[in-house]
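This is what each chain is made of:
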Amino acid sequence: MNILDKIIVDKRREVLLKKSIIPASQLENSVLFDSKTISLSKSLRASSTGIIAEHKRRSPSKAEINYNFSVEEVVKGYENAGVCGISVLTDGKYFGGSLDDLLLARATVNIPLLRKEFIIDEYQLLEAKAFGADAVLLIASVLTRAEIKKFSEFAQSLALEVLLEIHDESELEKSIMPSLNIIGVNNRSLKTFEVNLKNSFNLASKIPNQFIKISESGISSINSIKELQKYDYQGFLIGEKFMKTENAGFEATKFINNLKL
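Described in the following lines is the structure provided in the data block. A quick note: this is a predicted structure, and the numbers were derived from the prediction, not measured. (Residues numbered from 1 in each chain as written. Predicted model: local features only at pLDDT ≥ 70, side-chain atom pairs only at ≥ 80, totals over all residues. Heavy atoms only, no water.)

**Notes on the overall build of the protein**
Inclusion rule: Starting at the N terminus, helices and strands are each numbered in turn, a helix being any DSSP run of H or I of at least four residues and a strand any DSSP run of E of at least two. Throughout, the radius of gyration refers to the C-alpha atoms, and the reference size of a globule is 2.2 Å times the residue count to the power 0.38. Categorising residues by exposure relies on relative accessible area from a 1.4 Å probe, with only protein chains included: less than 20% of the type maximum marks a residue as buried, more than 50% marks it as exposed, and the intermediate range marks it as partly exposed. We call two residues in contact when some of their heavy atoms are within 4.5 Å. Methods summary: accessible areas were calculated by the Shrake-Rupley approach with a probe of 1.4 Å, and residue burial reflects only the protein chains presented.
Broken down by element type, the protein carries twelve helices and ten strands. For 261 residues, the compact-globule estimate of 2.2 N^0.38 gives 18 Å, and the protein sits close to it at 17 Å. Along the three orthogonal principal directions, the C-alpha set of the protein runs to about 50 × 40 × 35 Å. The burial tally for the protein puts 56% of its 261 residues in the buried class. For the protein, the share of sequence-separated contacts (at least 6 apart) that also reach a separation of at least 24 residues comes to 69%. Total accessible area on the protein is roughly 11400 Å²; 50% of this is exposed by carbon and sulfur atoms.

Here you go:
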């Protein structure tokens, strides 16, 4: 069993437990549930840099990245840097995140927030809305076409935008549907955790133009982004480059300023 399979097995157990403790009706009655969402896709379209910065404490591939920052420090630094949106990892066991991180981020900034999670149940979409997310991630490699359709349409009914993550052409082909807003190409294999930026280059022309294209993982240089922009990528998800430094917000500011040159 590879690491992705293990994560999904654990996630199914976790969601079952949560559903037994906190009913969906409680999530739907939360203070934030009816709040207006902030469009990540509009933010990306209006930007010349397209940076989505990530709050991530650790990962299966890198173990500990950084536990020294508070969520508030990181996301406020990112907002001040001028990012288009912030990705917040909410998986606890493998990434050291939580829904409280999302809630704290929502209380701190007024820019789009993406809940980065392994979504396998509609209940998690209710959680995302209740804890302040504006967009959710769906991972094509762990979902069937029917699940992608069900989850993306349900997300849209909650006014949540949908980022569909793919790793290859077969995942793209099974996933294309009107209920998606953004398609992200992950350059990191979730099975081996190896990174190859060529993945984004190879898939760029296959993604229909009605979707915003973003590239995820392994992006650490201005040159990489300049090259990806030639392939019509409008967004770039960056986490470890910023999080592994002593000041994520400062690093993001410096990176974005250099990108504008």
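**Some points on unusual backbone geometry**
Here the phi dihedral of Ala 159 falls at roughly 65 degrees; this positive angle occurs in a residue that is not glycine. Phi is positive for Ser 217, close to 75 degrees, though the residue is something other than glycine. Residue Ser 217 is classed as buried on the basis of its relative accessible area, which comes to 15%.

**A few points about the environment of Ala 128**
Tracing the chain through its elements places Ala 128 in helix α6 (residues 122–130). For Ala 128 and Thr 90, which are 38 residues apart along the polypeptide, the C-alpha to C-alpha distance reads 9.6 Å. Among all residues touching Ala 128, those that are not within four sequence positions of it are Leu 102, Arg 115, Ala 133, Val 136 and Leu 160.

**Remarks on the sheet that holds strand β1 (residues 51–55)**
The following threshold applies: A strand pair is defined by DSSP finding two or more bridges across the two strands. The angle between two axes is taken between their N-to-C directions and runs from 0 to 180 degrees, where each axis is a line fitted to C-alpha atoms and a helix contributes only its stretch in contact.
Strand order around the closed barrel formed by eight strands is β1-β4-β5-β6-β7-β8-β9-β10, with parallel pairing between neighbours. Shown here is a sheet whose adjacent strand axes are inclined to one another by a mean of 25 degrees, direction ignored. Here strand β9 (residues 212–216) pairs with strand β10 (residues 235–238) via three bridges, running parallel. Note that in β10 the partner of Ile 214 across the bridge is Gly 235. Strand contacts of helix α5 (residues 99–108): β1, β4 (85–89) and β5 (113–116), with the helix running at about 175 degrees to β5, the strand carrying the most contacts. Helix α10 (residues 222–229) contacts β1, β9 and β10 of the sheet and is inclined by roughly 150 degrees relative to β10.

**Observations regarding the packing of aromatic side chains**
Cut-off, in case you're wondering: The pairing test for Phe, Tyr and Trp rings, Trp by its six-membered ring, is centres within 6.5 Å, and the orientation test on the planes gives stacked under 30 degrees, edge-to-face over 60, and tilted for anything in between. A positively charged side chain is recorded as over a ring if its NZ (Lys) or CZ (Arg) lies within 6 Å of the ring centre. The angle to the ring normal must also be within 35 degrees.
For the structure shown, the criterion picks out four aromatic pairs. Taken together, the ring pairs connect Tyr 78, Phe 242 and Phe 255 into an aromatic cluster. The ring of Tyr 233 carries the charged tip of Lys 213 above its face, separated from the ring centre by 5.6 Å.

**As for the side chain of Ser 224**
Where we set the bar: Polar contacts, as used here, are pairs of N or O atoms within 3.5 Å; protein pairs need one atom able to donate a hydrogen and one able to accept it. Residues neighboring in sequence count only if both atoms are side-chain atoms.
Residue placement: Ser 224 occurs in helix α10. At a separation of 2.8 Å, a polar atom in the side chain of Ser 224 contacts the side chain of Ser 221. Non-local contacts of Ser 224, meaning those with residues more than four positions away in its chain, are made with Leu 197 and Ile 219.

**A look at α10**
Filter applied, for reference: What the arc covers is the set of directions going from the helix axis to the C-beta atoms.
Those residues of α10 that fall on the buried side of the exposure criterion are Ser 224, Ile 225 and Leu 228. Taken end-on, α10 shows its buried residues confined to a sector of 95 degrees, consistent with a single buried face. Buried residues belonging to α10 abut β1, α9 (198–203), β9, β10 and α12 (248–260).

**Concerning the side chain of Glu 171**
Going by this rule: The positive count covers Lys and Arg only, the negative count covers Asp and Glu only, and His and the chain ends enter neither. Should a side-chain nitrogen of Lys or Arg be within 4 Å of a carboxyl oxygen of Asp or Glu, the pair is scored as a salt bridge.
Along the chain, Glu 171 turns up in helix α8 (residues 169–175). Buried within the structure, Glu 171 lacks any salt-bridge partner; Lys 174 is the closest side chain of opposite charge, at an N-O distance of 6.4 Å.

**Some details on the packing of helix α1 (residues 3–21) against α6**
As a reminder of what qualifies: Should an angle lie under 35 degrees it is considered roughly parallel, over 145 roughly antiparallel, and from 65 to 115 roughly perpendicular; all remaining angles are considered oblique. It is the rotation of the near helix from the far one that decides the hand of a crossing: anticlockwise by less than a right angle makes it left-handed, clockwise makes it right-handed. Under the convention adopted here, Pro, Cys and the residues Ala, Val, Leu, Ile, Met, Phe, Trp and Tyr are nonpolar, Asp, Glu, Lys and Arg are charged, and Gly plus all remaining residues are polar.
For the pair α1 and α6, interaxial distance at closest approach is 10 Å and the crossing angle is 65 degrees. Here α1 is positioned roughly perpendicular relative to α6, judged by the angle of their axes. In this structure, the crossing between α1 and α6 has a hand that is left-handed. Where α1 abuts α6, its residues Lys 11, Val 15, Lys 18 and Lys 19 lie against Tyr 123, Gln 124 and Glu 127. For the contact of α1 with α6, the residue count by class is two nonpolar, one polar and four charged.

**Looking at the nonpolar core**
Rules: In plain words, nonpolar cores are sets of buried Ala, Val, Leu, Ile, Met, Phe, Trp, Tyr and Cys residues tied together by side-chain atoms within 4.5 Å.
If you look at the biggest cluster of nonpolar residues, it comprises 87 residues, and the most contacted ones within it are Ile 51, Tyr 78, Ile 86 and Phe 242. Apart from residues no more than four positions distant in its own chain, Ile 51 is found in contact with Val 83, Cys 84, Gly 85, Ile 225, Phe 236, Ile 238, Phe 242, Phe 255, Ile 256 and Leu 259.

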